[in-house]
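# Geometric and topological summary
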Amino acid sequence: MIRFSNVNKWYGDYHALADISEEVGKGEVVVVCGPSGSGKSTMIRTVNRLEEIQKGTITLDGVDVHGPKVDLNQFRTKVGFVFQQFNLFPHLSVLENICLAPTKVGGKSKAQAKEQAQALLDRVGLAHKSAAFPQQLSGGQQQRVAIARALAMDPPVMLFDEPTSALDPEMVGEVLNVMKSLARDGMTMMCVTHEMNFAREVSNRVWFMDQGRLIESAPPEQFFCSPSSDRAKRFLSDLRSH
C-alpha cells in the first residue's frame, strides 16, 4: 500500500531522512518509534506530501506521491491524517467538522454526510457530542473527533502523527482504543507514537528510526525481545528504566 524507495530529505544542510526504503502492506499496522529528532514525524508527513522530498520515490496504492502529475487535493482525500494537536475548526460543531470534507470535497449531500458523521461519532464513542464545539470537549474527545473526521472520507490509509502525546495520561487510553478497533477492522495504518504497549499489542511491524535513518524493521515480539541494533537496545533500555 505504501512504498518508500531510497527516500532522502534535507532541511538546508541537515539530512532529515537518509535512504529510507521500506513497505507497508495492505491492512498492516506499522508503528514508527525512535528518539526525539530521529525523523519519525518528517517521514510520515512525506506520505501525504505535507513535507517534500528531494530524492527517491514514495508510492501510495500505486500513485507516485511526489510526482509532478499528482492532483494533490484529490490524492489527500485518500489519506486520513490525525495530528498531534487535533486541528479541529473551533467555530464549527463536532458534526460540522466531520461533514465539511465529505460535502465540500467528496460531493456528498448534507443528509448523507450527516448520517455518516453520526455513525462515525458512534464508532468513536461520542454520539452524544455531535452538537458540541471543540472547546467544550476534553483533549481525548477532541482527538477522537479528529479520527472520525479523518475517517469520513473513507480513506484506505490512516496516518497518525503522535496522536496521544498532547493528551493527559488518563485520556490516552480512550484514543488508543479507537485506533485498536481500526486495526482490528483491517485498516492500513502508520503510527508515529511513544506508546510502546500499543506497538507491542497492535502493530504488525515496528520501524525504529535514529538520525534520519530506518535502523530496524521487525515484528513487535522480535523488536522488543531481541532488537538487532545497539541503538535500539539502548532506546528500549532507557524506556524500561523510566
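Our subject in this report is the structure included herewith.

Cut-offs used in this document
Residues numbered from 1 in each chain as written. Predicted model: local features only at pLDDT ≥ 70, side-chain atom pairs only at ≥ 80, totals over all residues. Heavy atoms only, no water. Helix = DSSP H or I, 4+ residues; strand = E, 2+ residues; numbered from the N terminus. Expected span 1.5 Å × (residues − 1). Buried < 20%, exposed > 50% of the residue type's maximum accessible area, 1.4 Å probe, protein only. Arc of directions from axis to C-beta. Contact = heavy atoms within 4.5 Å. Phe/Tyr/Trp six-rings, centres within 6.5 Å; stacked < 30°, edge-to-face > 60°. Polar contact = N/O pair within 3.5 Å; in protein donor to acceptor, adjacent residues only side chain to side chain. Core = buried A, V, L, I, M, F, W, Y, C linked by side-chain atoms within 4.5 Å. Pairing = 2+ DSSP bridges. Right-handed = clockwise from strand over helix to strand, strands pointing away.

## A closer look at helix α4 (residues 110-123)
- The end-to-end C-alpha separation of α4 is 20 Å, in line with the 20 Å expected for 14 residues at 1.5 Å each.
- Within α4, burial applies to Ala 113, Gln 116, Ala 117, Leu 120 and Leu 121. Buried residues along α4 cover an arc of 140° about the axis, so they all sit on one side. Summarising the geometry of α4, the exposed residues directed more than 90 degrees from the buried face are Ala 111, Glu 115 and Asp 122.
- As for α4, its buried residues are in contact with α3 (94-104) and α5 (139-151).
- A positive phi of about 80° marks Gly 125, the residue just after α4.

## Considerations on the packing of aromatic side chains
- Scanning all chains against the criterion turns up five aromatic pairs.
- With a centroid separation of 5.2 Å and 80° between ring planes, the pair formed by Phe 223 and Phe 224 is classed as edge-to-face. With respect to burial, Phe 223 and Phe 224 carry one shared label: buried.
- Ring pairing ties together the aromatic residues Phe 208, Phe 223, Phe 224 and Phe 235, which thus form one cluster.

## Re the side chain of Arg 205
- By the element assignment, Arg 205 lies in strand β9 (residues 205-210).
- When its relative accessible area of 16% is taken as the criterion, Arg 205 is described as buried.
- Polar side-chain contacts of Arg 205 include one of 2.5 Å to the backbone oxygen of Glu 23.
- Residues contacting Arg 205, with those up to four places away along its chain left out, are Glu 22, Glu 23, Val 24, Glu 28, Val 29, Val 30, Val 31, Ser 217, Ala 218, Pro 219 and Pro 220.

## Thoughts on the nonpolar core
- Among the nonpolar cores identified, the biggest contains 51 residues, and Ile 98, Ile 147, Met 158, Phe 160, Met 179, Met 189 and Phe 223 are the most heavily contacted of them.
- Here this core takes eight residues from helix α6 (residues 169-184), the largest share from any one element.
- Beyond its immediate sequence surroundings of up to four residues, Met 179 is in contact with Ile 147, Phe 160, Pro 163, Met 189, Cys 191 and Phe 198.
- Judged by nonpolar contacts, the second largest core, of 25 residues, contains Phe 4, Val 32, Leu 159 and Met 190.

## Details of unusual backbone geometry
- In this structure, Asn 6 is a non-glycine residue whose phi angle is positive, near 50°.
- Given a relative accessible area of 32%, Asn 6 falls into the partly exposed group.
- Unusually for a residue other than glycine, Asp 19 sits at a positive phi of about 55°.
- Relative to the assigned elements, Asp 19 resides in strand β2 (residues 14-24).

## Things to note about the pairing of strand β7 (residues 157-161)
- A large share of β7 lies buried, amounting to five of its five residues.
- Pairing of β7 with strand β8 (residues 188-192), which is carried by five bridges, proceeds in the parallel orientation. Bridged to Val 157 within β8 is Thr 188.
- Crossover handedness for the path β7 to α6 to β8: right-handed.

## Concerning the pairing of strand β10 (residues 213-218)
- Two elements, β9 and β10, share five bridges in a ladder whose sense is antiparallel. Residue pairing for β10: Val 206 is matched across the bridge by Ala 218.
- If you look at the hairpin formed by β9 and β10, you'll find two residues sitting between the two strands, and Gln 211 has a positive phi there, around 50°.

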